[in-house]
Structure formats: structure tokens, C-alpha cells
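A closer look at the structure
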Amino acid sequence: VNKVLTFDKLEDYIDNGMYMNAICGPTAGRIDSGVYELNGTVVLSKNGGDHHLHGGDDSYARKYFDYEISDDSVVFSLDTNNSEYPGKQRIQITYKLIESHLEITFEATSDVDIPMNLTSHIYFNAFEEESVLENKMRISSYRRLELIKQVPVGPIEDKRFQNMSKIIELDDPFILEDGNPSIIYQSKNTVLEVDTDYDSVVVYTQNYACPEFKGIQKGICFETQKWPNGINIEGYDAVLKAGQKYKHVT
Ligand code: FUC
């Protein structure tokens, strides 16, 4: 049984506004006004209203990866330079099946310092329901990132979302506490648990449909990632240093 949203046509995956099941990067989510400071000022495109979204027009989501398939996994790799960001990066995303678990490993290196924040934009469907808003969710988080005009600005305490007997419309970053699972998403007959070593997750209830897709709130994304806009949040370490390794597992 399929548990994720899909398009009917393969071509629709390239360049769609839903980022359907894509890998977003170098920076998932929004960069405030498309600007950050790191070894000088970097100005990015504003492809999401007043802000830079999901890595902009040259996002990893728009690129063709090489792939290698083995018994239990598929490894996607990409040597790239996102034309808006400095330097060259090597990205590797591994999808591995371990019994009924899907493990996604995000790895990257870069030849210059760069804010790196990779996420998977998989849309899980509503399972047996018509809408994801019919389902329940538990999230191990009592702090979220406050949004000002959709841009995360810093942590605030907010316990309202820990336990939802019906999910409400969301497009919000939550700070995850240690202790598993990070998220339980549950319909009458199906349970999905999300675990990650990332420190935050954007929960997005598909409040928008691109022309290639019918209906809203048919899917839900658990975009595990580092703090979105972290590069512009004081004290947060959002940088992948030249030569260092980026590795996260969800
Ligand atoms: C923006 C993001 C959401 C989602 C959507 C496609 O609205 O804030 O998380 O990625 O784009």
C-alpha cells in the first residue's frame, strides 16, 4: 500500500512548487530576505515571496542525482555548485530499508564554508482518511521556532502542539527534545514513527497544491532538519566548514 503522495507523471517531479518528495538544499526552509553573512555577505534569490526558500531556483531539489541501487538501499549522489551559493559541494543521500523502517542518511562536504541544512520533503499521505487533519500527532517538543512573516527568528516555549488528537494546519518548525520517537503520526489503522538525530522538524500539512496535484491537506511532511534560517539566528551553528563532514540520519 502506498503511503506517500505521488504525481501521475514523472516529468512533474522536476520543478514543482510542492517540492514533492524532493531533497531540499543547501538550505531547507526560508533564509530571511535571502541574505546571510559568512566570510562576507551572500545574497540569494527570493524565490519564496520576500525570502529564499528551499535552496532557491538552483535547489538540489531541481537537480539530477546519480544513483546506485543495492539489495536494501539506494544511494543518490551529486557533485554540484548551487550557482547562488559559494563553492562546490558533494551531496549523498541514502535511502535504506531496515525491515519496515526507511532510514534516510544525509551527507555532504563542501570546499568552502556554507550553511548546510538538508531535508527530505516526503509527503506521507492521510493513510485511510481523506485529509491529514483527521489524524493524530504526538511530537516530542515543547519549544518551537517563532515565525515572523514565515521566517524563523528564535526559540520560544509552546506546549500546545505536543499532543494533537486532530492535526491542525501547520507549517511550523519545532525544536526536538532528546528521546524517541520524535513524532508519532497516527490514523485509525496505521502508525508512523519518525526518529532523527536532527534537532528540529518542520511539520507541513500540504496547505498548497501545485497545478500538477489535486487537493490540499492530502499529505504531511516531517521535514527533519537543522534550524531553518539558523544561519541568521544568533548563537546557532548552521555552518558546514570547508573539508568537514555533514551527516544526519532520519
Ligand atoms: C513552504 C514551506 C513548507 C513547504 C512548502 C512547499 O511553504 O514553508 O514547509 O516546504 O513550502
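Quick caveat, the model's predicted, so the values are computed rather than measured. Position numbers for residues start from 1 in each chain and track the written sequence from start to end. Local features in this predicted model are restricted to residues whose pLDDT is 70 or higher, and side-chain atom pairs enter the listing and the counts only when it is 80 or higher, whereas totals over whole chains, interfaces and linings include all residues. To get the side-chain values, take all heavy atoms of the structure and skip hydrogens and water.

This part is about the pattern of salt bridges. One speaks of a salt bridge when a side-chain nitrogen belonging to Lys or Arg is within 4 Å of a carboxyl oxygen belonging to Asp or Glu. In this structure the tally under the stated criterion is ten salt bridges. The partner of D15 in a salt bridge is R62, and the shortest N-O contact between them spans 3.1 Å. With D15 in the segment before β1 (23–24) and R62 in the loop between β5 (52–53) and β6 (66–69), this residue pair connects regions lying 47 residues apart in the sequence. A salt bridge links K166 to E134; the shortest N-O distance between them is 3.0 Å. Remark: E134 occurs in the loop between β12 (123–125) and β13 (136–139) and K166 occurs in the loop between β16 (163–164) and β17 (171–175); sequence separation between them is 32 residues. By sharing partners, the salt bridges in this structure join R144, D158 and R160 into a single network. Think of it this way: any DSSP run of H or I at least four residues long counts as a helix, any run of E at least two long counts as a strand, and we number them from the N terminus.

Next up on the list: the site of the ligand. Residues are labelled near a given molecule or strand when at least one of their non-hydrogen atoms is within 4 Å of it. The full set of residues close to the ligand is G17, M18, R30, L53, H54, H121, D171, V202, Y204 and E223. A distance of 2.5 Å separates an oxygen atom of the ligand from a polar side-chain atom of H54. Identification of polar contacts relies on pairs of N or O atoms within 3.5 Å, with a donor-acceptor requirement for protein atoms, meaning one able to donate a hydrogen and the other able to accept it, and with residues adjacent in sequence counted only if both atoms are side-chain atoms.

The rule for a disulfide is simple: a pair of cysteine sulfur atoms within 2.5 Å. Applying the stated criterion across every chain, the model contains zero disulfides. For C210, which is in no disulfide, the shortest distance to another cysteine sulfur is to C221 and amounts to 12 Å. With no disulfide partner, C221 has as its closest neighbouring cysteine sulfur the one in C24, 8.6 Å distant.

Attention now moves to the sheet that holds strand β8 (residues 89–98). Note on pairing: DSSP must find at least two bridges between two strands before they are called paired. The sheet built from five strands is open, its strands ordered β6-β7-β8-β9-β23 with antiparallel pairing. In this open sheet, the two edge strands, each paired with only one partner strand, are β6 and β23 (246–249). Neighbour-to-neighbour, the strand axes of the sheet open up by a mean angle of 15°, direction not taken into account. Alignment of strand β9 (residues 101–110) against β23, held across four bridges, turns out to be antiparallel. Paired with F106 across the bridge in β23 is H248. Convention adopted: a line fitted to C-alpha atoms gives each axis, helices being fitted over their contacting stretch, and angles between N-to-C directions are expressed from 0 to 180 degrees.

Another point: the nonpolar core. The criterion is simple. A nonpolar core is a set of buried Ala, Val, Leu, Ile, Met, Phe, Trp, Tyr and Cys residues joined through side-chain atoms within 4.5 Å. Burial here depends on accessible area, computed with a 1.4 Å probe over protein chains only, as a share of the maximum for the residue type. Under 20% is buried, over 50% is exposed, and the range in between is partly exposed. Counting 51 residues, the largest nonpolar core has L118, V203 and F222 as its most contacted members. It only takes one pair of heavy atoms within 4.5 Å for two residues to be counted as in contact. With near-sequence residues (within four places) excluded, F222 lies in contact with S120, I122, F124, M137, I183, Y185, L192, V194, V201, V202 and V203. Of all hydrophobic cores here, the second largest spans nine residues; its members include L5, Y123, Y204 and C210.

Attention now goes to the environment of N207. Looking at the secondary structure, you find N207 in the loop between β20 (200–204) and β21 (219–225). Spatially, the C-alpha atom of N207 lies 16 Å from that of V4, the residues being 203 residues apart in sequence. Each residue touching N207, except ones within four places of it in the same chain, is listed here: E169, L170, D171, I216 and Q217. Only 2.6 Å separates the side chain of N207 from the side chain of T205, close enough to count as a polar contact.

Bringing unusual backbone geometry into the picture now. A cis amide bond links G25 to the next residue, P26, at an omega of 5°. Assignment of secondary structure puts P26 in the loop between β1 and β2 (30–31). Unusually for a residue other than glycine, H54 sits at a positive phi of about 55°. Of note, H54 is situated in the loop between β5 and β6. Using a relative accessible area of 7% as the deciding quantity, one classes H54 as buried. The backbone of K149 shows a phi angle near 45°, a positive value even though the residue is not glycine. Within the secondary structure layout, K149 lies in the loop between β14 (143–148) and β15 (151–157).

Without other data, these values stay purely geometric and don't point to any function.
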